[in-house]
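Secondary and tertiary structure notes
Take a look at the letters that make up each chain.
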Amino acid sequence: MTPANSFWTEVLQGGLSGYILLALLIFVIGLATVLLRRSLLMQFMGVELMINAANLALLAFARFKNGDVQATTFYLFIIAVAACEAAVGLALIVGLYRHRQTTDSDRADALRQ
Amino acid sequence: MTGARDLAALLPLAIPAAAACLLPIAALDKDQSAQKWIRGAMFFMAMLALLGSFFYVTQLWSTGHQPVYAQLSMDRLAQFAAIFVLIAAALTVLQLWDHLHQEGWVKGECLALLLTSVSGMMLFTATTHLMLLFIGLELFSIPLYALTATLRTRSEAAEGGMKYFLTGAVASSCFLMGAVLLYGVTGTLDVSEMGIRLSVAKGLDPLALVGAALLLLGFLFKASAAPFHQWTPDAYEGAPHPIAAFMSVATKGVALIALLRIFPGLVAGGDSLLGVKVRMAIALAAVLTMIVGNLTALVQTRIKRMLAYSSISHAGYLLLAFVAGTPQAFTGVLFYLVAYLAMNMGAFGLLTAFGLVGERVTFDHLRGLGWKRPGVSIAATLCLLSLAGIPPTAGFFGKYMIFKELVQTGHVGLTVLAVLASLVSVYYYLRIPVALWLEQPKTSIEREAAELPAVDAPFAGATVLVCGALVLACGFLQTLLVNGFVARVIRDWMGIIR
């Protein structure tokens, strides 16, 4: 079997590299959403995707290291932190919407020279 | 797992955090109906918490006690960072009192957020464990997003806060992904342990490379180094002046100190493939930062944008020390940070001391003001000369220490570039003293100012004077400061690593 073949077999059989590949894919999708979309809410969702991609990778690594307790704890902390970030982020979006009546990030250009 | 459970390591963080939990109770007022004494009590409480933590840390410093609580170690480097952050925060609180009254928006939650940020910064600099690093990073960033947009009646503030939040959240998630990938490759969350495992590994795992790059991105973003600097001018302009000063000084400072702490682990002995690549990336970022920061600062017409680009360029000089990578260069970084604290706080404090509110403060607003309040203006001029790196001020010696090490490790080209960049910076820094002392005030601006009530900013004025004095003191007593304080940090910290 060629190396490429064995890689895909591992992915299909639920090996570690499958999880990591999926996590990296979600991470890139999230990053692309932030960079390409022009609605603040969608960009914010992109950020959440990036964080959760990291979460997925973390849990996969932890599982394949016999359920490392430190990593699993880290995962719980990340969820809490992401919730705090969401609270502040949504408040900021609402604050900006009250001033501009839009959540289009291209219109947030008053500070440019 | 270490069994050390010394509560003394937690106390410096716990004091500001506890005060941050108490402050919102005092801040429960609608509109501006709060009595002046309540407002005074809130600021007093915040100062008290900062002072309490400060005295505790200085106590630890003088006894040489370096407590450890599990992954959190309050060693000399962490104590240095804590003192640095606490002084910056205390100056910020004093300036906030004046600035928020000028804006007519005195709210206690500002102080609560600031104190939360302070304890997050202490956590961020006191550990090599990636989980605590991430929690510390978020604990100091999230309050800063809210602080940037704190003057919420103003649409520019909301916009600045939003931009800072979105870019900051992306940088944090990149940092997180980097941490997770490095954990996956090495199987440990501790960076110092990670360095050992990476240095014995054969070849270079692409995942480790991506992880290290993403981790570095998080640090460079917080230090506002190019190409991750675009948020800086907008966030600083939207934020209240003292908060902008705090962000520029403390965020950059702790990002660099934390990078300094994990740097030996990340470069893994220095000769490994990963180490070489990390150093190269930092050198590239430093060069780009100096060029972009200085050249863009030249063409700014608004003072806060100019100061924002200047703070970007200073991140470039500081990153050069990581390229050199010697203990003396790291000593230079810490000395430079102390100097930077004084000079940038003074430069931003000038705006508050003259009561220039709003996000469009141009050089024209400062014209001729020097003669009205000479004391504050002289102190601010000293701070600006120091930012430009003119001897015998502190800024000159900070740059000198870093550049000297750079030459000695054979990076002459980089040094020449850095010196040229700091020569360019003299031009834009001197625009402020020139406006203050040499130019006639514009009649339109003078008429506007005459209609407003007279500016009374005793605390902000005092902080500027203190900063001016500190800049001179760091300049004249630099050998004393370096040997007694800064070099000791690096020596003790390097001792722990070896």
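Details of the structure are given in the entry above.
Report on the accompanying structure. Please read all numbers here as calculations on a predicted model, not as lab measurements.

Details of the overall build of chain A
Assigned secondary structure in chain A consists of four helices and zero strands. When its helices and strands are written in sequence order, chain A yields α-α-α-α. Taken against the 2.2 N^0.38 rule, which gives 13 Å for 113 residues, the C-alpha radius of gyration of chain A at 19 Å runs more than 25% over that of a compact globule. Counting only C-alpha atoms, chain A reaches 60 × 35 × 20 Å along its principal axes. When each of the 113 residues of chain A is scored for burial, the buried share is 31%. Put simply, of all contacts in chain A between residues at least 6 apart along the chain, 44% involve residues at least 24 apart.

Some details on the overall build of chain B
Each helix and strand in chain B was counted, giving 19 helices and two strands. Taking 23 Å as the expected radius of gyration for a compact globule of 498 residues, we find that chain B reaches 22 Å, a close match to that expectation. Along the first, second and third principal axes, the C-alpha set of chain B runs to 70 × 50 × 40 Å. Out of the 498 residues belonging to chain B, those deemed buried represent 62%. Counting contacts in chain B only where the partners sit at least 6 residues apart, residues at least 24 apart contribute 82% of the total.

Focus: the packing of helix 11 (residues 273–298) of chain B against helix 12 (residues 303–324) of chain B
Packed helices, taken two at a time, are described by the angle their axes make and the gap between the axes. Residues and elements named next belong to chain B. Packing of helix 11 against helix 12 leaves a shortest axis separation of 7 Å and a crossing angle of 155°. Considering their axes alone, helix 11 and helix 12 lie roughly antiparallel with respect to each other. The handedness of the crossing between helix 11 and helix 12 comes out as left-handed. On the side of helix 11, the interface is formed by Arg279, Ile282, Ala283, Ala285, Ala286, Thr289, Met290, Val292, Gly293, Asn294, Thr296 and Ala297, while helix 12 contributes Met306, Tyr309, Ser310, Ile312, Ser313, Ala315, Gly316, Tyr317, Leu319, Leu320, Phe322 and Val323.

A few points about the environment of B:Met247
Residues and elements named next belong to chain B. With respect to the helices and strands, the residue Met247 is situated in helix 10 (residues 241–267). Taking the number of C-beta atoms within 10 Å as the measure of exposure, Met247 has 27 and is therefore buried. As for Met247 and Thr232, which are separated by 15 residues in sequence, their C-alpha atoms are 9.4 Å apart.

Considering the nonpolar core
Membership of the largest hydrophobic core comes to 231 residues, with the highest contact counts inside it found for B:Val85, B:Ala88, B:Leu320, B:Val333, B:Ala342 and B:Cys383. Non-local contacts of B:Val85, meaning those with residues more than four positions away in its chain, are made with B:Val118, B:Met121, B:Met122, B:Ala250 and B:Val254.

What about helix 2 (residues 36–63) of chain B?
All names here are of chain B. Spanning 28 residues, helix 2 covers 40 Å between terminal C-alpha atoms, matching the ideal 40 Å at 1.5 Å per step. Lining the buried residues of helix 2 we find helix 1 (11–26), helix 3 (76–103) and helix 4 (108–125). Where helix 2 ends, the next residue or the one after it, Gly64, has phi of about 75°, a positive value.

Structural notes on the interface of chain A and chain B
Taken together, the contacts link 32 residues of chain A with 32 residues of chain B. For the side of chain A that touches chain B, the element with the highest residue contribution is helix 4 (residues 69–100) of chain A, accounting for 16 residues. A class-by-class count of the residues in the side of chain A that touches chain B yields 24 nonpolar, five polar and three charged.

Quick word on unusual backbone geometry
That bond from B:Ala226 to B:Pro227 is cis: its omega, 0°, falls within 30 degrees of zero. Following the sequence through the fold, B:Pro227 ends up in the loop between helix 8 (206–222) and helix 9 (231–238). Following B:Pro391, the chain continues to B:Pro392 via a peptide bond in cis, the omega torsion being 5°. The phi dihedral of A:Gln101 is positive, around 60°, even though this residue is not glycine. Of note, A:Gln101 is situated in the segment after helix 4. With 9 C-beta atoms counted inside 10 Å, the residue A:Gln101 sits in the exposed group. Of note, B:Ala70 is a non-glycine position whose phi angle comes to about 50°, a positive value. Along the chain, B:Ala70 falls in the loop between strand 1 (68–69) and strand 2 (72–73). Looking at B:Ala70, the number of C-beta atoms within 10 Å reads 16, which means it is partly exposed.

Re helix 3 of chain B
Residues and elements named next belong to chain B. End to end, helix 3 covers 39 Å across 28 residues, agreeing with the expected 40 Å (1.5 Å per residue, within 8%). Of all the bends in helix 3, the greatest, near 30°, is centred on Leu96. The buried count for helix 3 comes to 24 of 28 residues, which makes it a mostly enclosed element. Where helix 3 terminates, the next one or two residues include Gly104, which has phi positive at roughly 70°.

Things to note about the environment of B:Leu209
Residues and elements named next belong to chain B. The residue Leu209 is located in helix 8 in this model. The spatial distance from the C-alpha of Leu209 to the C-alpha of Gly178 is 9.1 Å, given a sequence separation of 31 residues. Residues contacting Leu209, with those up to four places away along its chain left out, are Leu204, Leu274 and Lys277.

Brief notes about the packing of helix 3 (residues 40–64) of chain A against helix 6 (residues 155–186) of chain B
Orientation of helix 3 of chain A relative to helix 6 of chain B, taken along the N-to-C sense of each, is 15°, at an axis distance of 9 Å. Overall, the two elements helix 3 of chain A and helix 6 of chain B adopt an arrangement that is roughly parallel. Here the hand of the crossing between helix 3 of chain A and helix 6 of chain B comes out left-handed. For the pair formed by helix 3 of chain A and helix 6 of chain B, the contact residues are A:Leu40, A:Gln43, A:Val47, A:Met50, A:Ile51, A:Ala53, A:Ala54, A:Ala57, A:Leu58 and A:Phe61 on the first element and B:Met162, B:Leu166, B:Ala169, B:Val170, B:Ser173, B:Leu176, B:Met177, B:Val180, B:Leu181, B:Tyr183 and B:Gly184 on the second. Residue classes in the contact of helix 3 of chain A with helix 6 of chain B are distributed as 18 nonpolar, three polar and no charged.

Conventions adopted
- Residues numbered from 1 in each chain as written.
- Chains lettered and ligands numbered in written order.
- Predicted model: local features only at pLDDT ≥ 70, side-chain atom pairs only at ≥ 80, totals over all residues.
- Helix = DSSP H or I, 4+ residues; strand = E, 2+ residues; numbered from the N terminus.
- Rg over C-alpha atoms; globule rule 2.2 N^0.38 Å.
- Buried ≥ 20, exposed ≤ 12 C-beta atoms within 10 Å, placed from the backbone.
- Contact = placed C-beta atoms within 7 Å.
- Axes fitted to C-alpha atoms, helices over the stretch in contact; angles between N-to-C directions.
- Parallel < 35°, antiparallel > 145°, perpendicular 65-115°, else oblique.
- Left-handed = near helix turned anticlockwise from the far one by under 90°.
- Core = buried A, V, L, I, M, F, W, Y, C linked by C-beta atoms within 7 Å.
- Expected span 1.5 Å × (residues − 1).
- Nonpolar A, V, L, I, M, F, W, Y, C, P; charged D, E, K, R; others polar.
- Bend = angle between axes of the 7 residues up to and from the residue.

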